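Structural description and commentary
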Amino acid sequence: MTKIFAQFFKDESGATAIEYGLIAALISVALITGATSLGNTLNSTFSKLSDKMNTNAVNKL
């Protein structure tokens, strides 16, 4: 019985799979954070552009 436990604790093949999973999760979080930040910046930029276009359209009438 102790031999089985010893083999179980020495086996590291599952640890690498878990490490790869954690790396993939961290990369996903970084991509989502970056995309959200970029989206907010683009939304702000287009809102300002829209406001300027609307202001110029009203002034020309």
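Check the entry above for the structure.
Helix and strand content of the protein chain: two helices and zero strands. In terms of overall size, the protein chain is more extended than a compact globule, its C-alpha atoms giving a radius of gyration of 27 Å where 61 residues would be expected to give roughly 10 Å. Taking the principal axes of the C-alpha coordinates as reference, the protein chain spans close to 90 × 10 × 10 Å. Accessible area of the protein chain: about 5800 Å², with a carbon and sulfur share of 68%. Positive and negative side-chain charges of the protein chain, numbering 5 and 4 respectively, have mean locations separated by a distance of 14 Å.

Turning next to a nonpolar patch on the surface. Nonpolar side chains collect at one region of the surface, where Met1, Ile4, Phe5, Phe8 and Phe9 lie side by side and expose about 680 Å² of accessible area between them. Its place among the elements puts Ile4 in helix 1 (residues 2–10). Residue classification places Ile4 among the exposed positions, given a relative accessible area of 55%.

We now examine the environment of Ala57. Along the chain, Ala57 falls in helix 2 (residues 13–60). According to the relative accessible area criterion, Ala57 is partly exposed, its value standing at 44%. With 21 residues separating them in the primary sequence, Ala57 and Thr36 have C-alpha atoms 31 Å apart.

The next point concerns the environment of Phe46. Of note, Phe46 is situated in helix 2. A relative accessible area of 53% places Phe46 in the exposed class.

The rules we used
Residues numbered from 1 in each chain as written. Predicted model: local features only at pLDDT ≥ 70, side-chain atom pairs only at ≥ 80, totals over all residues. Heavy atoms only, no water. Helix = DSSP H or I, 4+ residues; strand = E, 2+ residues; numbered from the N terminus. Rg over C-alpha atoms; globule rule 2.2 N^0.38 Å. Areas by Shrake-Rupley, 256 points an atom, 1.4 Å probe, with all protein chains shown as cover. Lys, Arg positive; Asp, Glu negative; His and termini not counted. Charge placed at Lys NZ, Arg CZ, Asp CG, Glu CD. Patch = residues over 30% accessible without salt bridge, like charges linked within 9 Å, V, L, I, M, F, W, Y side chains within 5 Å. Salt bridge = Lys/Arg side-chain N within 4 Å of Asp/Glu carboxyl O. Buried < 20%, exposed > 50% of the residue type's maximum accessible area, 1.4 Å probe, protein only.

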